[in-house]
Amino acid sequence: MAIINSLKVAYSTAIYRHGTKSFPDIMTVYVTPVKEYASATYTKTDFDRALANGWITEDEYAETVGGGPDV
C-alpha cells in the first residue's frame, strides 16, 4: 500500500500535536512513517507534551524521540 504524504502528516499532527488520534486509531502501515515524520519534524517539547497528556505511550515516545530536532 502506498503511503499518502498528506495522510501521514495529518495523522502525525492529530497524534502528537492535538491528541485527537492515537496509534491504534490509524492504519498499521502508517505507524512507522508517522513516527519517522514526527521525529524529523517535531521537537522534544512536542513529544514531552504528547506523553504528559497521554496522547502517546512511553514506548511510542521512545520509538519517536530518538531522531527529533532539539528544542
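Turning to the overall build of the protein, a few remarks are in order. Helix and strand content of the protein: four helices and zero strands. Moving toward the C terminus, one meets the helices and strands of the protein in the order α-α-α-α. By the compact-globule yardstick of 11 Å for 71 residues, the protein fits well, its C-alpha radius of gyration being 11 Å. Dimensions along the principal axes, computed over C-alpha positions, put the protein at roughly 30 × 20 × 20 Å. Counting across all 71 residues of the protein, residues that qualify as buried make up 34%. Long-range contacts, defined here as pairs at least 24 residues apart, represent 59% of the contacts in the protein between residues at least 6 apart. Of the roughly 4,100 Å² of accessible surface on the protein, 53% is carried by carbon and sulfur atoms. Counting 6 positive and 9 negative side-chain charges, the protein places the averaged centre of each group 7 Å from the other.

Put simply, the protein has an average pLDDT of 92, and 93% of its residues get 70 or more. Least confident of the elements in the protein is helix 4 (residues 58-65), whose mean pLDDT is 93; most confident is helix 1 (residues 5-18), at 98.

So, about helix 2 (residues 31-41). Of all the residues in helix 2, the buried ones are Val31, Pro33, Val34, Lys35, Ala38 and Ser39. Structurally, helix 2 contributes buried residues whose contacts are with helix 1, helix 3 (44-52) and helix 4.

Next up on the list: the environment of Gly19. Position of Gly19 among the secondary structure elements: in the loop between helix 1 and helix 2. For Gly19, a relative accessible area of 29% gives the class partly exposed. C-alpha separation for the pair Gly19 and Ala38, spaced 19 residues apart in sequence, amounts to 14 Å.

The next point concerns the packing of aromatic side chains. Tallied over the entire structure, the rule returns five aromatic pairs. Judged by centre distance (5.4 Å) and plane angle (85°), the ring pair of Tyr11 and Tyr30 falls under edge-to-face. A residue pair is termed long-range when its members are at least 10 positions apart, and Tyr11 in helix 1 and Tyr30 in the loop between helix 1 and helix 2 qualify at 19 residues. The same class applies to Tyr11 and to Tyr30, which are both buried. Note on Tyr16 and Phe23: the rings are 6.0 Å apart at their centroids and 75° apart in plane angle, and the pair reads as edge-to-face. Both residues of the pair, Tyr16 and Phe23, belong to the buried class. Chaining the aromatic ring pairs together yields one cluster made of Tyr16, Phe23, Tyr37, Tyr42 and Phe47.

Conventions used here
- Residues numbered from 1 in each chain as written.
- Predicted model: local features only at pLDDT ≥ 70, side-chain atom pairs only at ≥ 80, totals over all residues.
- Heavy atoms only, no water.
- Helix = DSSP H or I, 4+ residues; strand = E, 2+ residues; numbered from the N terminus.
- Rg over C-alpha atoms; globule rule 2.2 N^0.38 Å.
- Buried < 20%, exposed > 50% of the residue type's maximum accessible area, 1.4 Å probe, protein only.
- Contact = heavy atoms within 4.5 Å.
- Areas by Shrake-Rupley, 256 points an atom, 1.4 Å probe, with all protein chains shown as cover.
- Lys, Arg positive; Asp, Glu negative; His and termini not counted.
- Charge placed at Lys NZ, Arg CZ, Asp CG, Glu CD.
- pLDDT = per-residue confidence, 0-100.
- Phe/Tyr/Trp six-rings, centres within 6.5 Å; stacked < 30°, edge-to-face > 60°.

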